[in-house]
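Coordinate analysis (summary)
What follows is each chain in one-letter form.
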Amino acid sequence: MQQQTLEDYCFETTQAEPELLLELIDKTQSDMGYPNKLSGRTIGRTLKLLTGLCKPSLALEIGMFTGYSALSIAEALPENGRLICCETNPKAIKFAQSFFDRSPVGHKIKPVFGPALDTIATIDETLDFVFIDADKRNYLNYYEAVVPLVKVGGLIVVDNSLWQGRILEPNEASDKAVAQMNQRILTDDRVENVHLNIRDGLNIITKIKDY
Ligand SMILES: C[S@@+](CC[C@H](N)C(=O)[O-])C[C@H]1O[C@@H](n2cnc3c(N)ncnc32)[C@H](O)[C@@H]1O
């Protein structure tokens with residue numbers, strides 16, 4: 001059986017996202033460049049499921065784009081839960097905000113314009129849940145920046161951790177950073193992880209101790 005066929009089957013047998021998110025996908029395709037940046041149903045529903053198990057008071061997303069994954073996480077945040085989203089593209093922030101304004105969970109999301117490492121440096125609260133999905137060249141830096149902020153028992157989820165297979169023969173800076181991050185996670189005794197071959201790879205990490 002072809003891997004693609006099985007991926008399609010998994011997509012078809014995963015419950016659909018809300019109508020607003022389907023509309024967001026269509027509008028991202030028509031209005032924004034690079035619509036394939038958006039994580040989509042399998043990752044989105046995984047994020048919602050993990051958020052529901054984790055019940056974060058404070059969550060962080062690194063790389064919001066048009067807000068698909070942010071809304072997926074926000075769906076399962078507790079009523080007083082908050083999600084800070086880092087994003088450098090003002091057009092994407094405006095687009096995402098127009099959907100947050102129409103969503104019953106949009107008020108939980110706070111987009112922050114600027115490079116994620118700068119935004120992370122301003123966070124002086126404990127994080128319960130982090131989703132990493134921005135520029136791959138900074139993947140190792142993002143991981144190192146968030147681990148100290150995450151509570152013991154908290155979750156870090158990294159998208160595109162297989163980077164279309166380029167981690168097997170790293171060539172460009174982005175390939176190397178993703179591969180280095182995966183290796184660092186493997187030997188980091190502050191965390192436990194499972195690296196899953198879902199879509200473009202999902203590395204799921206839980207913090208087990210501070211040092
Ligand atoms: C793959 S997209 C995010 C997709 C989104 N998480 C989703 O699933 O719908 C990556 C986003 O990261 C943003 N980005 C790139 N470099 C960044 C940085 N240094 N800080 C914050 N955001 C950044 C890009 O503008 C882009 O919108």
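See the structure above.
In this text the structure is predicted, and so the values were computed from the model without any measurement.

1. Side note on the sheet that holds strand β7 (residues 202-207)
- Read across the open sheet, the seven strands follow the order β3-β2-β1-β4-β5-β7-β6; overall the sheet is mixed. Where the open sheet ends on each side, the last strands, each with one partner, are β3 (109-113) and β6 (191-196). When strand polarity is set aside, the average angle formed by the axes of neighbouring strands in this sheet is 15°.
- Where strand β1 (residues 58-62) lies against strand β2 (residues 82-87), five bridges are found, and the strand directions are parallel. The residue of β2 that forms the bridge with Glu61 is Cys85.

2. What about the site of the ligand?
- In the vicinity of the ligand, 21 residues are found, and the nearest of them are Ser39, Gly63, Ser69, Glu87 and Asp133.
- Interatomic distance of 2.5 Å between a side-chain N/O atom of Glu87 and an oxygen atom of the ligand.
- Residue Asp135 places a side-chain N or O atom 3.4 Å away from a nitrogen atom belonging to the ligand.
- Bound to the protein, the ligand loses 88% of the 610 Å² it would expose on its own.
- Mapped by element, the contributors of at least two residues to the shell around the ligand are α4 (68-76) and β2.
- Residues of the shell around the ligand, tallied by class, amount to ten nonpolar, six polar and five charged.

3. Overview of the state of the cysteines
- One pass over the structure, following the stated rule, counts zero disulfides.
- The cysteine Cys85 is free of any disulfide, with Cys86 supplying the nearest cysteine sulfur at 7.5 Å.

4. Looking at the environment of Ile25
- Within the secondary structure, Ile25 sits in helix α2 (residues 19-31).
- Measuring from C-alpha to C-alpha, the distance between Ile25 and Gly106 comes to 16 Å, with 81 residues separating the pair along the chain.
- Other than its neighbours up to four places away in sequence, Ile25 contacts Glu17, Leu38 and Tyr68.

5. Comments concerning helix α3 (residues 41-54)
- With 14 residues, α3 should reach 20 Å at 1.5 Å per residue; the first-to-last C-alpha distance of 20 Å fits that figure.
- Listed in full, the buried residues belonging to α3 are Arg41, Ile43, Gly44, Arg45, Thr46, Leu47, Leu50, Thr51 and Cys54.
- Buried residues along α3 sit against α1 (3-12), α2, α4, β4 (127-132), β5 (150-159) and β7.
- Immediately beyond the C-terminal end of α3, within one or two residues, lies Lys55, with a positive phi of roughly 45°.

About the thresholds
Residues numbered from 1 in each chain as written. Predicted model: local features only at pLDDT ≥ 70, side-chain atom pairs only at ≥ 80, totals over all residues. Heavy atoms only, no water. Pairing = 2+ DSSP bridges. Helix = DSSP H or I, 4+ residues; strand = E, 2+ residues; numbered from the N terminus. Axes fitted to C-alpha atoms, helices over the stretch in contact; angles between N-to-C directions. Near = heavy atom within 4 Å. Polar contact = N/O pair within 3.5 Å; in protein donor to acceptor, adjacent residues only side chain to side chain. Areas by Shrake-Rupley, 256 points an atom, 1.4 Å probe, with all protein chains shown as cover. Nonpolar A, V, L, I, M, F, W, Y, C, P; charged D, E, K, R; others polar. Disulfide = S-S within 2.5 Å. Contact = heavy atoms within 4.5 Å. Expected span 1.5 Å × (residues − 1). Buried < 20%, exposed > 50% of the residue type's maximum accessible area, 1.4 Å probe, protein only.

Keep in mind these numbers describe shape, not what the thing actually does.
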